[in-house]
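# Topology and contacts: notes
Each chain is listed here by its residues.
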Amino acid sequence: MKLSKLHISSFRGATKPVDIPFEKGKKITMIFAENGNGKSTIADALICLLTSDKGSIDDKSGTEARFIKSLDATNAKIELHTDKEVYSATLSGTSRDFVKSNHELIPELRYLRRSQIVDLLNRKATERYEKLKSYIDVSGLLKSEEELRKLARETESEVERLVSVIDNAKSTLEATWLKEGSPLDDMFVWAKGESEKDLTKESAQLKEVDNLSKQWTAIQSKYSEIQQSIKVVGAAKKAYNTALEALQKLQEKNTTSNADLLKLLNQAKDFISGQPQIDNCPVCDNSIKKNTVVKSLGEKIASMSAIGAAAKTVENAKKDWDGKVAIQKRAVELFSNLLIKYQNAIAKYKTSVPEIATFIDGITTDIKTNYQCYQDNLTQLSDLSKRIEAAKDKYTKSINQHNSIKQQYKSIIESSKKFEQKSKLSLAASKALNIVEKSRKEFYDNELLSISGDVERMYQLLHKYEGLGGIKLFLNPQYKTSLELQANFHTEEGITPQSVYSESHLDTLGICIFLALAKKYSKGDTILVLDDVVMSVDENHLDRFIKLLHEETDHFSQIIITTHYRPWKDRYRTHRAPGGKIHFIELRKWSKETGIRVQNGRVELQELELALNDTSYFDRQIISSKSGIILENILDYLTDIYEYHLPKRKSLKYTLGELIDTLQTKYLKNIYTIHTVKQTNEAGQVEEIDVTYQLQPIIDDIKKLMFIRNQVGAHFNLEQDASDDDVELFGVKTLELGKALVCNETGQLPLVKNVDHWKSKNGSVRLYPSEKI
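Cut-offs and rules
Residues numbered from 1 in each chain as written. Predicted model: local features only at pLDDT ≥ 70, side-chain atom pairs only at ≥ 80, totals over all residues. Heavy atoms only, no water. Core = buried A, V, L, I, M, F, W, Y, C linked by side-chain atoms within 4.5 Å. Buried < 20%, exposed > 50% of the residue type's maximum accessible area, 1.4 Å probe, protein only. Helix = DSSP H or I, 4+ residues; strand = E, 2+ residues; numbered from the N terminus. Contact = heavy atoms within 4.5 Å. Pairing = 2+ DSSP bridges. 1 Å grid on protein atoms, 1.4 Å probe; cavity = no way out; pocket = protein on both sides within 12 Å on 5 of 7 lines; lining within 4 Å. Points joined across faces, edges and corners; volume = space filled by probe spheres on them. Patch = residues over 30% accessible without salt bridge, like charges linked within 9 Å, V, L, I, M, F, W, Y side chains within 5 Å. Areas by Shrake-Rupley, 256 points an atom, 1.4 Å probe, with all protein chains shown as cover. Salt bridge = Lys/Arg side-chain N within 4 Å of Asp/Glu carboxyl O. Lys, Arg positive; Asp, Glu negative; His and termini not counted. Charge placed at Lys NZ, Arg CZ, Asp CG, Glu CD. Axes fitted to C-alpha atoms, helices over the stretch in contact; angles between N-to-C directions.

Moving on, we come to the nonpolar core. Membership of the largest hydrophobic core comes to 56 residues, with the highest contact counts inside it found for Ile 513 and Trp 568. Here this core gets 10 residues from one element, more than from any other, and that element is helix H13 (residues 503-520). Once residues within four sequence positions are removed from consideration, Ile 513 is found in contact with Leu 120, Leu 132, Val 455, Leu 473 and Leu 485. Within the second largest apolar cluster, 41 residues are counted, among which are Tyr 654, Leu 659, Leu 735 and Leu 767.

Structure representation (structure tokens):
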């Protein structure tokens, strides 16, 4: 999959729509900008589009998700154009989640920011695993393993429970067997026989005697109720007689007043006061005044209040007595019914128990007769009840014992079968768990071992002969998700690198770990984003890091680097790194009004060639200045690889004149380059030919024009002797020298030393000799 462009609109710093192009054929894109000009916006846009994360905003606490859209923006949009698909994501309104297209087909993206490096190395071992689990994610396996562990625990617990059930059942059964005298000399043979017995008859007999027992209990209860009611009725009758006697005494004292008269007066008052209008007495038909009569009646009634109260007491006592008599009568009726029912139930025992014959024959439909019959035969009935209870106990014991034997025997048989099954399952689950645990740990160990090897290789490429390395990533066997990190430090082995490694060495270690992981799980189509991962590094380590990145490009579809570290960019611009294989993008100053501003970066020879070919304006100063800078770079390179003598100086910075003076004719005559180039012959076939460039003629011409650099390109000078032709020739010769040395494909100077020459990375440019002659 090849990327063509990234379109961003209203997302974070992209306040205006912006397109980020990707140059065809170049697998590394470097986005260079000072801080605050939009690098992280571009990286975050890719992360939001191709992963479930939000990018650098995830690294900060207290952030407000609404600001993932640009200020004042309603909708945000991200599009990635490739040679296969256009992947898009939109964020609308107040939504916090992007709506993505082609979600299932989205390419894989891995990203690394400096904060992640610091976080990885400073975390505890258990937390370090969380940071890397997206690479080595075995969450599904862990879930299955946990379910298997749960099954092993549950089956083991069930086996233990079944053992307990079997032991308890055996103990109970054995106690019964011994109590019965150990019949058949075999507990299980006896138990099997007992449990198979048919106790239908015994159950029916138990049901019958239980029914008789309940009937007799009901009769006894009802008889007790009647005896209590006799006392209650007697008390109520006595209360009534006492109230009546008190009333009679009051009436004897007041002959003109009695209860009957009081009752009549109350009725008359209620009748007259209830009439809406009445003018004549309803008894004598004499003329009356309603209010006067009602008042007179009230006064008469009031004067008879003592008799009224006594009469009321008599009335209430009578009602209470009558109520209790009714309850007693109902109880006696129910008692008689119970006796009749009981008579029918025991009638069949008349012959076998002759003493109850009198009761059976004496019960009729008459309540009083039945009551008396019960009292007359109470002794015989009580004896019968005792015999019924004894029979009930006998049948209950027999049936209960049978049920107990049957239950315990069944429990032993069934639990023994389950025990056998569960024991096999428990053993199988334990074995399976051991296999899964071992396989997971072996998988982890193998994965981490392979990653550790790649990390070590990368780290040694960066820090060879520094007494560092021995990088080892491994899981702590005591924990499921504890990722340990160890390294060597000179004579010490297996230490935590955080203890002794410098910050820059830890940074590169973190980068190597992430690169190895991303590479391990990439199928060649992964996009790798390195967001400001290099802050400050010396020249040698920077060159090694650049070499490492270019060696790993084949494992990714695209590597996107964002950086504000200018020395990194300048290694490519000055052809000290393979600038021909990298696509430069520079971001200009950001503002809310303009948003992110993009311009394509160039290497120095490209800039000089563009200035020389500019037909609209011939800029003498630009050509002279750029030629001087390029010459300083190339001559510094030549004096370095051939170890030409230069003035001793602390700063090791030399002028163009000092550098070119070291290139004496006796040395230059032996220096030349051979370019292997491809061309199509007359037959239409592509063939390789070697083209040789002698450096001495070019450098001799440059020496004659050296003054132009200072006179035109470096200093203010009103008296410039150099003509435009001289300036142009100075630029042309500089460009000619650069092209003679720089590989057209990689854009890099020959930096790889062989026995007799120096060569470019791909070997298409060879510089002879390898040492000063």
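In terms of residue burial, strand E7 (residues 109-113) counts as a mostly covered element, since 5 of its 5 residues are buried. Here E7 shows no split at all, with Leu 109, Tyr 111 and Arg 113 on one side and Arg 110 and Leu 112 on the other all buried. The pairing of E7 with strand E11 (residues 527-531) spans 5 bridges and is classified as parallel. Among the inter-strand pairings, Arg 110 is bridged to a residue of E11, identified as Leu 528.

Considering all chains together, one arrives at 2 cavities of 30 Å³ or more under this definition. Tyr 129, Leu 132, Lys 133, Ile 136, Tyr 444, Leu 448, Leu 475 and Leu 483 are the residues that line the largest cavity. Elements with a contribution of two residues or more to the lining of the largest cavity: helix H3 (125-132) and helix H12 (378-462). Approximately 40 Å³ is the volume found for the second largest cavity. Taken together, Arg 110, Tyr 111, Leu 112, Tyr 135, Phe 514, Leu 515, Ala 518, Leu 528 and Leu 530 make up the full set of residues lining the second largest cavity. For the lining of the second largest cavity, the elements supplying multiple residues, two or more each, are E7, H13 and E11.

What follows covers a positive patch on the surface. A cluster of basic residues, Lys 464, Lys 547, Lys 581 and Lys 761, forms a positive patch at the surface. Relative to the assigned elements, Lys 547 resides in helix H14 (residues 539-551).

Further remarks concern the sheet that holds strand E9 (residues 483-489). Pairing is antiparallel across the open sheet formed by 3 strands, whose spatial order is E8-E9-E10. Each having just a single partner strand, strand E8 (468-475) and strand E10 (492-495) make up the two edges of the open sheet. In this sheet, adjacent strand axes meet at a mean angle of 15° when their direction is disregarded. As defined by bridge partners, E8 adjoins E9 across 6 bridges and the pair is classed as antiparallel. Paired with Lys 472 across the bridge in E9 is Gln 486. Along the sheet, H12 contacts E8 and E9; its crossing angle with E8, the most-contacted strand, is approximately 160°.

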